Amino acid sequence: MSLKKYNEKRNFQKTKEPVGKKSKSNKKLKFCVQHHMASHDHYDFRLEMDGVLKSWAIPKGPSYNPQDKRLAVMVEDHPLSYRNFEGIIPPGEYGGGTVMLWDRGYYEITYYDKKSFKFILHGKKLKGSWALVNFKDNNYLLIKEHDKYENYMDIKKYTRSVKSNLTMQEIKKKYK
Ligand code: MN
């Protein structure tokens, strides 16, 4: 796994996103979700694996309803330090737009094979067991598994940052 693609896509003179470097974390496996309003509104779902954040862009965002299978497109690995990033990516730069740190916490792997990956999330907003199922190339489905957290919450009601408690509009203003 490499952060080469991540670094190639970005001009670090212009964006305040962290430079891609591998790092070790000896504690629990971390995850984060960023709400990213760029050319398309989406959520970036990131799981720590082998010193980087494996990343998926989810156009509709996660859903607590086990019937909803949310498309999650795997994108380039991100550095672990990205899990703290919130702010503005300048217009014209890769991913230009507003980034809210929407959720963060740690996770536990419960099952994996070649096509699917199951885990328990311990976030502020996302909790319980979830699955990522690969169906074609970089395309996955994020699915809420049946447990006591199914239908726990409509995620659209979570409109504030887990880091700053700001809304998208407030983040936009703050970092202008
Ligand atoms: Mn994104």
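Residues numbered from 1 in each chain as written. Predicted model: local features only at pLDDT ≥ 70, side-chain atom pairs only at ≥ 80, totals over all residues. Heavy atoms only, no water.

Chemist: Sorry if this is basic, but what is going on with the coordination of the manganese ion here?
Modeler: Octahedral metal centres with six donors ideally show angles of 90 or 180 degrees, and tetrahedral centres with four donors ideally show 109.5 degrees. Distances from the manganese ion to its protein donors, His-36 (ND1), His-42 (NE2) and Asp-44 (OD), fall at 2.2 to 2.3 Å. Look at where the donors of the manganese ion fall in the sequence and you get H-x5-H-x1-D. Judged by its relative accessible area of 8%, His-36 falls in the buried class. By relative accessible area, which is 14% here, His-42 ends up buried. (Donors = N, O, S within 2.8 Å, 3.2 Å for Na, K, Ca; no water. Buried < 20%, exposed > 50% of the residue type's maximum accessible area, 1.4 Å probe, protein only.)

Chemist: Is there a simple way to think about the side chain of Ser-116 in this case?
Modeler: Counting through the fold element by element, Ser-116 comes out in strand S7 (residues 116–123). The contact partners of Ser-116, leaving out residues within four places of it in the chain, are Tyr-111, Leu-132 and Val-133. (Helix = DSSP H or I, 4+ residues; strand = E, 2+ residues; numbered from the N terminus. Contact = heavy atoms within 4.5 Å.)

Chemist: Looking at this model, I keep getting lost on the environment of Ser-39. Mind explaining?
Modeler: As for its position among the elements, Ser-39 is in the loop between strand S1 (29–37) and strand S2 (41–49). Residues Ser-39 and Gly-96, 57 residues apart in the sequence, show an inter-C-alpha distance of 7.6 Å.

Chemist: Could you clarify how one ought to interpret the packing of aromatic side chains in this entry?
Modeler: To describe a pair of aromatic rings, one takes the distance between the centres and the angle between the planes. Scanning the model with the defined rule gives 14 aromatic pairs in all. Aromatic pair Tyr-64 and Tyr-152: ring centres 5.2 Å apart, planes at 65 degrees, arrangement edge-to-face. Highlighted residues: Tyr-64 in the loop between strand S3 (52–58) and strand S4 (69–79) and Tyr-152 in the loop between strand S9 (139–144) and helix H2 (168–174), separated in sequence by 88 residues. Its relative accessible area of 1% is what places Tyr-64 among the buried residues. Note on Tyr-152: relative accessible area 39%, which makes it partly exposed. (Phe/Tyr/Trp six-rings, centres within 6.5 Å; stacked < 30°, edge-to-face > 60°.)

Chemist: Any chance you could explain a positive patch on the surface here in plain terms?
Modeler: A contiguous patch of positive charge, built from Arg-104, Lys-124, Lys-163 and Lys-174, is present on the exposed surface. Tracing the chain through its elements places Lys-163 in the loop between S9 and H2. The class of Lys-163 is partly exposed, set by a relative accessible area of 41%. (Patch = residues over 30% accessible without salt bridge, like charges linked within 9 Å, V, L, I, M, F, W, Y side chains within 5 Å. Areas by Shrake-Rupley, 256 points an atom, 1.4 Å probe, with all protein chains shown as cover. Salt bridge = Lys/Arg side-chain N within 4 Å of Asp/Glu carboxyl O. Lys, Arg positive; Asp, Glu negative; His and termini not counted. Charge placed at Lys NZ, Arg CZ, Asp CG, Glu CD.)

Chemist: Whenever I open this one, the nonpolar core confuses me. Can you help?
Modeler: Taken as a class, soluble globular proteins show a tendency for nonpolar side chains to be buried jointly. Among the nonpolar cores identified, the biggest contains 27 residues, and Phe-45, Leu-47, Trp-56, Phe-119, Leu-121, Leu-126 and Leu-132 are the most heavily contacted of them. By residue number, the principal contributor to this core is S2, which donates four residues. Residue contacts for Leu-132: discarding those within four places in its chain leaves Phe-45, Leu-47, Trp-56, Ala-72, Lys-115, Ser-116, Phe-117, Phe-119, Tyr-140, Leu-141 and Leu-142. (Core = buried A, V, L, I, M, F, W, Y, C linked by side-chain atoms within 4.5 Å.)

Chemist: Explain the pairing of strand S6 (residues 97–112) here, please?
Modeler: As a general feature of sheets, a regular strand has side chains that alternate between the two faces. Here S1 runs beside S6; their pairing, made up of nine bridges, is antiparallel. When the sheet's bridge partners are listed, Leu-29 is paired in S6 with Tyr-107. One ladder, built from three bridges, connects strand S5 (residues 87–89) with S6; its direction is antiparallel. Within S6, the position partnered with Gly-87 by the bridge is Val-99. In this structure, S6 lies alongside S7, joined through seven bridges in antiparallel fashion. Of the residues in S7, the one forming a bridge with Gly-105 is Gly-123. Between the antiparallel neighbours S6 and S7 lie three residues. (Pairing = 2+ DSSP bridges.)

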